[in-house]
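# Descriptive structure summary
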Amino acid sequence: MTQEKEKQIQRILSMYERLKKGEPIVKREEATNFKISEKSIQRDLDSIRAFIETSGANEYITYDRAQKAYVFETEQPTSLTTEEIFAVLKVIIESRAFPKHEMDSIVEKLMELAKKDDQPLIKLMMVNEKHYYTELNHKKDLLERLWQLTSAIHSKKVIEMDYKRENSTASTRKVKPVAIIFSEYYFYLIAYPEKSDYDYPIVYRVDRIEHFQQTAQTFKMPYHERFQEGEFRKRVQFMYTGELLTVKFRFTGKSPQAMLDRLPTAKIIQQDDTGMTIEAEVFGKGIKMWLLSQGEYIEVLEPREFREEMEESVRAMLSKYAGVLQ
């Protein structure tokens, strides 16, 4: 391949990449930049147009008279818009999911996907966010670990891991991994113990897994028993599982919409001027924590055993303030 041909290929690839990112291509500027004629740039653009229009992807190169430039158009957008990138950046940063160096890398790469003209504004808006980003106390790298766990889930391999709960020593466990879920700052591995027939899975915080490895042992999950992340999410609060139960309670707070968003399985079965009666299918331990957090705006009605458990917790809370109330 001649040197001239290599330069042409590099030119074409450069323009194609920028067009796909949403940058307009001005012939005169490209000719000046590459030190060739505008006719050569036009031939390059024609080559790009011929390539994408014969690919059957409903993509086009058109001339925008307002910009006096060539632009890329598609009926099925394959890249993120500036608005989408900005929204994703805000969500990722607010999640505090990753240690600072991993977060910085993700943010920088996402910003580079925006249109060139929009990048300065996005970067300006992110400067403060990045500077004051507070990573979580565990400070552990997560990206590679998450991908390795995903590989084990996909191949249905039992993993052996050293798991360390807060303020305790690590213990070795063998589990059947079925999903990874993110919730309120942390990533969680959802898994079943290797040799136990649990009705519900156990939740492990990924950052607390000190070490793990795939074993040669595989496990089977019948299709009708397969773990469904979406259904699990609807029923779990604060990533605490426990027995699956149907809870009925009275809600008298001012924001029923926030409550219903928090409990996707909730159904309003009765409503009046003072509040509403709600029924929801949930896992026991987590829902108890959430219901207690709502204070006087919640009254558990059923099941009876769960109502009694809530009463005991409320009495225990009240006893801590006995001196204040006297």
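Here goes a summary of the coordinates provided. (Residues numbered from 1 in each chain as written. Predicted model: local features only at pLDDT ≥ 70, side-chain atom pairs only at ≥ 80, totals over all residues. Heavy atoms only, no water.)

On to the nonpolar core, then. Among the nonpolar cores identified, the biggest contains 33 residues, and Leu-89, Phe-98, Leu-149, Met-161, Phe-187, Leu-189 and Tyr-204 are the most heavily contacted of them. Per element, the largest residue contribution to this core is five residues, and it comes from helix H5 (residues 100-112). Non-local contacts of Met-161, meaning those with residues more than four positions away in its chain, are made with Ser-171, Thr-172, Arg-173, Val-175, Leu-189, Tyr-204, Ile-209, His-211 and Phe-212. (Core = buried A, V, L, I, M, F, W, Y, C linked by side-chain atoms within 4.5 Å. Buried < 20%, exposed > 50% of the residue type's maximum accessible area, 1.4 Å probe, protein only. Helix = DSSP H or I, 4+ residues; strand = E, 2+ residues; numbered from the N terminus. Contact = heavy atoms within 4.5 Å.)

Below, the discussion takes up helix H4 (residues 82-95). End to end, H4 covers 20 Å across 14 residues, agreeing with the expected 20 Å (1.5 Å per residue, within 8%). Turning to H4, the residues buried within the fold contact H5, helix H6 (119-131) and strand E4 (171-183). One or two positions beyond H4, positive phi appears at Arg-96, with a value near 55°. (Expected span 1.5 Å × (residues − 1).)

As summarised here, the arrangement of the five strands in space is E6-E5-E4-E3-E7, forming an open sheet in which the pairing is antiparallel. At either margin of the open sheet sits one strand with a lone partner, and together these are strand E6 (202-205) and strand E7 (209-218). Sheet twist, expressed as the average angle between the axes of neighbouring strands with direction ignored, equals 50°. Where strand E5 (residues 186-193) and E6 come together, four bridges link them in antiparallel fashion. Residue pairing across strands places Leu-189 opposite Tyr-204, the latter belonging to E6. Packed onto the sheet, helix H7 (residues 143-155) meets strand E3 (157-163), E4, E5 and E7 and runs at close to 20° relative to E7. (Pairing = 2+ DSSP bridges. Axes fitted to C-alpha atoms, helices over the stretch in contact; angles between N-to-C directions.)

For the rest of this paragraph, the subject is helix H3 (residues 38-53). With 16 residues, H3 extends 22 Å from end C-alpha to end C-alpha; this agrees with the ideal 22 Å at 1.5 Å per step. Buried residues of H3: Ser-40, Ile-41, Gln-42, Asp-44, Leu-45, Ile-48 and Ile-52, and no others. Where H3 is buried, its residues meet helix H1 (3-20), helix H2 (27-34), strand E1 (59-64) and strand E2 (69-74).

Our next topic: the packing of H2 against H3. In contact at an axis separation of 8 Å, H2 and H3 are set at 110° when each is read in the N-to-C sense. Here H3 runs roughly perpendicular to H2, going by the angle between their axes. Facing Lys-27, Arg-28, Glu-30, Ala-31 and Phe-34 of H2, the residues of H3 in contact are Glu-38, Ile-41, Gln-42 and Leu-45. Here the residues of the contact of H2 with H3 sort into four nonpolar, one polar and four charged. (Parallel < 35°, antiparallel > 145°, perpendicular 65-115°, else oblique. Nonpolar A, V, L, I, M, F, W, Y, C, P; charged D, E, K, R; others polar.)

What follows concerns the sheet that holds strand E8 (residues 244-251). Judged by pairing direction, the sheet is antiparallel, and its four strands sit side by side in the order E9-E10-E8-E11 without closing on themselves. Each end of this open sheet is capped by a strand with a single partner; those strands are strand E9 (267-272) and strand E11 (298-302). Ignoring strand direction, the axes of neighbouring strands in this sheet form an average angle of 30°. In this sheet, strand E10 (residues 275-283) lies alongside E8 in antiparallel orientation, the contact comprising eight bridges. Bridge assignment links Thr-246 to a residue of E10, and that residue is Glu-281. In the packing of helix H11 (residues 304-319) onto the sheet, the strands contacted are E8 and E11, and the crossing angle to E11 comes to about 145°.

Applying the stated criterion across every chain, the model contains seven aromatic pairs. Arranged with centres 5.0 Å apart and planes meeting at 80°, the rings of Tyr-163 and Tyr-204 form a pair that is edge-to-face. Of the two residues, Tyr-163 is situated in strand E3 and Tyr-204 in strand E6; the sequence distance between them amounts to 41 residues. Of the residues examined, Tyr-163 reaches a relative accessible area of 2% and is grouped as buried. An aromatic cluster of three or more residues is present, and its members are Phe-98, Phe-182 and Phe-187. The ring of Tyr-185 is capped by Arg-96, whose NZ or CZ atom sits 5.3 Å from the centre of that ring. For the cation-ring pair, Arg-205 lies above Tyr-186, with the distance from its terminal atom to the ring centre recorded as 3.7 Å. (Phe/Tyr/Trp six-rings, centres within 6.5 Å; stacked < 30°, edge-to-face > 60°. Lys NZ or Arg CZ within 6 Å of the ring centre and 35° of its normal.)

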